[in-house]
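Observations on chain architecture
Okay, here's what each chain looks like letter by letter:
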Amino acid sequence: MLPQQGGQRMTWRTIGSLRESPLQRLDVRSKLAFLLATTFLAFLWESPLLTGLLVALILLLCLIAGIRMAYLRQMLRLMLPFYAIVLLTHGFWNTSVGRTAIWAAPQGWWLIGGKLRLTSEGLVYGLMVVFRTLSLILVIPLVIFTTDLNQLIVGLVRIGLPYKVAFTFSATLRFVPLLLEEIGSISEAQRLRGLALEKMNLIKRLQVYARIAVPLILGAMTRSQQLEIVLATRAFCGSPQRTFLQEPRLRGLDYALVVLCLGVSLVALWLRLRTGLGRFVMP
Amino acid sequence: MGQDPLVHIDNLSYQYPRAKDLALRDVNLSVRRGEFLGLVGPTGAGKTTLCLALSGVVPQFFGGRFYGQVTVAGLDTVETPISLLAQHVASVFQDPDTQLIANSVQDEIAFALENICLLPEEIRRRIAWAVQAVRLQGLEGKHPSELSGGEKQRLAIAAALALQPEVLVLDEPTSQLDPVGSQEVFATVRELNAELGITVVLASHASEELAGFADRIALLAEGQLVDVDTPRRIFARPDLLSRYATRPPQVAQFYQELARRGMPAPSAPVTLEQATASYEALHEQIQLRLCEFAANMSAASGPPLLSVRGLEHVYPDGTRALQGISLDVQKGEYLAILGQNGAGKTTLVKHFLRLLQPTAGQVLVDGQDVGGFQVSELARRIGFVSQNPDSQIFSSTVEAEVGFALRNLGMNGPALAERVEQSLQTMGLVEHRSEHPLSLSKGDRARVVIAAVLAMQPDILIFDEPTTGQDYRGAQRILDISRELHQAGKTIMVITHHLHLLPGYARRIIVMGKGVILLDAPIRQALHDIPTLSGTFLSPPQIVQFALWLASREQVSLPVLTPEELAACFRSRVGSA
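Below, the structure is looked at part by part. (Residues numbered from 1 in each chain as written. Chains lettered and ligands numbered in written order. Predicted model: local features only at pLDDT ≥ 70, side-chain atom pairs only at ≥ 80, totals over all residues. Heavy atoms only, no water.)

**With respect to a positive patch on the surface**
Rules: Only residues whose relative accessible area exceeds 30% and that form no salt bridge are eligible for patches; like-charged ones are grouped when within 9 Å, while nonpolar side chains (Val, Leu, Ile, Met, Phe, Trp, Tyr) are grouped when within 5 Å. To be clear on the numbers: accessible area is Shrake-Rupley with a 1.4 Å probe, and residue cover counts the displayed protein chains and nothing else. By definition, a salt bridge exists where a carboxyl oxygen of Asp or Glu is found within 4 Å of a side-chain nitrogen of Lys or Arg. Just so you know, the count uses Lys and Arg for positive and Asp and Glu for negative, and it drops His and the chain ends. Charge positions are represented by NZ for Lys, CZ for Arg, CG for Asp and CD for Glu. Strands here mean DSSP runs of E at least two residues long; helices mean DSSP runs of H or I at least four residues long; both are numbered from the N terminus. Using a 1.4 Å probe on the protein chains alone, a residue whose accessible area is under 20% of its type maximum counts as buried, one over 50% counts as exposed, and one in between counts as partly exposed.
Together, Arg 25, Arg 249 and Arg 251 of chain A together with Arg 124 of chain B line one region of the surface with positive charge. On the secondary structure map, Arg 249 of chain A appears in the loop between helix H9 (202–233) and helix H10 (252–274). On the basis of relative accessibility, which here comes to 66%, the residue Arg 249 of chain A falls in the exposed class.

**What to know about the pairing of strand S7 (residues 167–171) of chain B**
Residue and element names in this part refer to chain B. The condition is simple: The pairing criterion for strands is at least two bridges between them, as found by DSSP.
With 5 of its 5 residues buried, S7 lies for the most part within the structure. Residues of S7 alternate between two faces, with Val 167, Val 169 and Asp 171 on one and Leu 168 and Leu 170 on the opposite face, all of them buried. In this structure, strand S6 (residues 89–92) lies alongside S7, joined through 4 bridges in parallel fashion. Bridge assignment links Val 92 to a residue of S7, and that residue is Leu 170. Relative to strand S8 (residues 199–203), S7 runs parallel, the two being bridged by 5 bridges.

**Description of the sheet that holds strand S12 (residues 306–314) of chain B**
Strands belonging to one sheet form pairs held by backbone hydrogen bonds; the direction of such a pair is parallel or antiparallel. Residues and elements named next belong to chain B. Under the convention used in this document: Any two residues whose heavy atoms approach within 4.5 Å at even a single point are treated as in contact. Note on definitions: angles span 0 to 180 degrees between N-to-C directions of axes, and those axes are lines fitted to C-alpha atoms, for helices only across the stretch in contact.
What the 4 strands build is an open sheet, ordered S13-S12-S15-S16; its pairing is antiparallel. Single-partner strands in this sheet number two, and they are strand S13 (320–329) and strand S16 (368–369). Along the sheet, helix H14 (residues 345–352) makes contact with S12, S13 and strand S15 (360–365), crossing S12 at roughly 120°.

**Details of unusual backbone geometry**
Looking along the chain, the bond that leaves Val 58 of chain B and enters Pro 59 of chain B is cis, with omega of 5°. Structurally, Pro 59 of chain B is set in helix H2 (residues 57–60). Despite not being glycine, Leu 111 of chain A shows a phi value in the positive range, around 65°. Position of Leu 111 of chain A relative to the elements: it lies in the loop between strand S1 (101–104) and strand S2 (117–119). Phi is positive for Asp 366 of chain B, which is not a glycine, with a value near 55°. You can call Asp 366 of chain B partly exposed: its relative accessible area is 45%.

**Some details on the interface of chain B and chain A**
Applied cut-off: Whenever a nitrogen or oxygen atom comes within 3.5 Å of another N or O atom, the pair is scored as a polar contact, on the condition that within protein one atom can donate a hydrogen and the other can accept it, and that pairs from neighbouring residues in sequence are kept only if both atoms are in side chains. Amino acids are sorted into nonpolar (Ala, Val, Leu, Ile, Met, Phe, Trp, Tyr, Cys and Pro), charged (Asp, Glu, Lys and Arg) and polar (every other residue, Gly among them).
The partner chain A presents 53 residues to the 70 residues of chain B that form the contact. Across the chain B-chain A interface, the total number found is 4 salt bridges. Arg 234 of chain A is paired through a salt bridge with Glu 108 of chain B; the nearest N and O atoms lie 2.9 Å apart. Where chain B meets chain A, there are 15 residue pairs in polar contact (both at pLDDT 80 or more). Sort the elements by how many residues they give to the side of chain B that touches chain A and helix H4 (residues 105–115) of chain B lands first, with 9 residues. Of the residues in the side of chain B that touches chain A, the class split is 40 nonpolar, 18 polar and 12 charged.

**Concerning the packing of aromatic side chains**
Threshold: Any two of the Phe, Tyr and Trp rings considered here, Trp counted by its six-membered ring, make a pair once their centres fall within 6.5 Å; the pair's planes then place it as stacked at under 30 degrees, edge-to-face at over 60, or tilted in between. A ring is considered to have a charge above it if a Lys NZ or an Arg CZ atom is located within 6 Å of its centre and within 35 degrees of its normal.
For the structure shown, the criterion picks out 23 aromatic pairs over all chains. For the ring pair Phe 167 of chain A and Phe 111 of chain B, a centre distance of 5.9 Å and an interplane angle of 35° mean the geometry is tilted. Taken together, the positions of Phe 167 of chain A in helix H8 (residues 163–191) and Phe 111 of chain B in helix H4 put the pair across two chains. Linked through ring pairs, Phe 254, Tyr 255, Tyr 279, Phe 546, Trp 549 and Phe 570 of chain B together constitute an aromatic cluster. If you follow Arg 381 of chain B out to its NZ or CZ, it ends over the ring of Phe 373 of chain B, 5.4 Å from the centre.

**Remarks on the pattern of salt bridges**
Residue and element names in this part refer to chain B. According to the stated counting rule, one finds 31 salt bridges over all chains in the structure shown. Note that Glu 421 and Arg 433 form a salt bridge whose closest N and O atoms lie 2.9 Å from each other. Here Arg 433 lies in the loop between helix H17 (413–426) and helix H18 (442–454) and Glu 421 lies in helix H17, a separation of 12 residues in the sequence. One salt bridge connects Asp 520 with Arg 508, and the closest N-O pair in it is separated by 2.8 Å. Taken as a pair, Asp 520 in strand S21 (residues 516–522) and Arg 508 in strand S20 (residues 508–513) lie far apart in primary sequence, 12 residues in all. Through salt bridges with shared partners, a single network forms among Arg 32, Glu 35 and Arg 216.

**Re the nonpolar core**
Selection rule: Put simply, a nonpolar core is a bunch of buried Ala, Val, Leu, Ile, Met, Phe, Trp, Tyr and Cys residues held in one set by side-chain atoms that sit within 4.5 Å of each other.
If you look at the biggest cluster of nonpolar residues, it comprises 80 residues, and the most contacted ones within it are Ile 109, Ile 157, Phe 254, Phe 546, Leu 558, Leu 566 and Phe 570 of chain B. Setting aside residues no more than four positions away along its own chain, Phe 546 of chain B makes contact with Val 251, Phe 254, Leu 272, Ala 275, Thr 276, Tyr 279 and Leu 566 of chain B. Within the second largest apolar cluster, 61 residues are counted, among which are Ala 42, Ile 58, Met 75 and Ala 268 of chain A.

**So, the packing of helix H7 (residues 149–158) of chain A against H8 of chain A**
Residue and element names in this part refer to chain A. Using the following cut-off: Small angles under 35 degrees read as roughly parallel and large ones over 145 as roughly antiparallel, with 65 to 115 read as roughly perpendicular and the rest as oblique. When the near helix sits turned anticlockwise from the far one by under a right angle, the crossing is termed left-handed; a clockwise turn instead gives a right-handed crossing.
Packing of H7 against H8 leaves a shortest axis separation of 9 Å and a crossing angle of 155°. Comparing their axes, H8 and H7 come out roughly antiparallel. The two elements H7 and H8 cross, and the hand of that crossing is right-handed. The residues of H8 that touch H7, namely those facing Leu 149, Leu 152, Ile 153, Leu 156 and Val 157, are Tyr 163, Ala 166, Phe 167, Phe 169, Ser 170, Leu 173 and Arg 174. In the contact of H7 with H8, the residues fall into 10 nonpolar, 1 polar and 1 charged.

As structure tokens, then:
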């Protein structure tokens, strides 16, 4: 669970970034360029060393931006079972890179005896896949948590998204903390009625989670109806002529970042094609 | 103040889609330019629907059947799009959190202005104006979640006001605020009305405030306009008000009580100022007599049922929510915990159930540290009815909801059926047993949740703001239940900032402010302790304020808590020896 807030309300700030950092002053478009470049690199490179460095860089930026460690830990914990599966599948079944066996099923074993092998190359390749997904998982909150939602809307509109779509996107994001808070209070109410999750098996737990859905969905529907009414009474009509108080302005740092992202991506592509840098090699 | 009607409601009837009954029925009402109109009436009277009809949301957003005509500033609210009407009618709603949509105070105000395509210079000019009008200067860059309840509602007003509308329509804007937030909002609305001449339509249960601010009061009941007149004439009709479950201001109740006791009571005042001003005339006919009030708290004895020792709690963001709380609660007590929002009331009681872990200190129940128990185990001994009933309902029938906890405790068969039956009967829900809890009224839903908690037969029952969002009768009904449970031997704790509801129920009052206990005293002492109450931004009920004024004028002690008690302290000069 997320950090308990008791009587306090939850916002993006309490679950996300708390600190003012240079990242918050960047324009959303340059941050989107960074997001695109890291995604491109994560898929271009197959080298565990390079993808590992990419994760390290993003992690460092997360720390500078003040993203909560509790949040990062929570993400990792959620992904852990998935990563275990990735490592094991590549370790056992990746035949395109797998060479050196570090363990093999004894001959006598039924069906798999002598055939199933765990290779060190497969494991390292799996690790690279883990790094690849990690860089994506970390870079998205890095962009969202350091961006003012209004700036996000304006930025998205300026790169060509219709205002209504951009607004809906940001309204959804805004509701995430409210929903998390609601889930917290519903599950609290269930515990207060003697429900002991800690003593339940998985199936029972799933049934309990399903019960949360009813009040949650009803609550969300009421809230979204209230939101629609509020929007209507604030003259919202999704007009494309709409003005913006703060027109986003790209500053020197933003241009530098966009150029850097583009440059690094192109150079990496050229190196990959010409010299093969970023190909899978065992470290 | 001009005399031409700005709002015209002509034979308005309205039915929501899929609803059986009309929400509004033949309503005729005009509001003059510059007028302040209060809307009162019980829950379900049609106040919200009437407010929504002024902004065009009814019927444009909901659909349904609409008869008659509503015009605002000459615009027909059915034919003019809501977004265009918004430039004439500003709307402010009940919940401070759902109506704020931006990430800073200035963006919130800018939102509507951007929608009507104003240029940034004009938007900046209007933000500066709106921020000043609601006194939020200096907070322009703050995130709405960093504001207090009163500030949030004032921001919602500013955001609507920036469109420079002629009418401001507010639907119970203070029902979720503590007294200080409520005062801020009323003061702001009054200023906008008096100084900028903005026409105001405000629906509220806060009779004392409406009496002081409104030019006229419209009483609605069952979708019909029962009467519309000056506050003094509306609130001085006890028969009418009690028939429609609406509470008159306490000073008016005092005069009514005098009359009931056969004493001469001329036209009743409705505000504290009117009451003090008209006391001289009253004094010629009646006089104070000596009256005594028993201190109704017995001395504590035996080991405490619940004991809090040096409790501290620091939230992850560093907020020190509790700073060394110590408290003993005996079996069979009825206590109320008061304090402004953020005083630490909910944080404190959550520790009793281990929903929060102490940073320092401990909580003992029956001498045992709660740290050694699971939440589910503690819930059997301490029933906690939290604020919003809707997030505490998970079952498809009332009966299943009440049995939910018992099944979790491993009960089944006849034993379970018997307990459910008992709990349904106590709460008067037997007739609703097979209905869906969410199909019931708000008051009934609250009782379903209490029944569900009660089924576990806890020794202690805690109610967190049980009267928020309930009308006068609904609130009283819930408190009556708490009193019955108290008489049946339960220990009761109520968290509230509705001070006027407490006399007759709570015996001991704990006043909290900024994470410490400011006062722990019998109710008679606590509600008369103005310095302590104002220290946590609470003000005593109107009748207590009047009694304090009387006491200092007559040089006597008058520790009364209700209009009835005060009336009992007087006797008629005529016919007395």
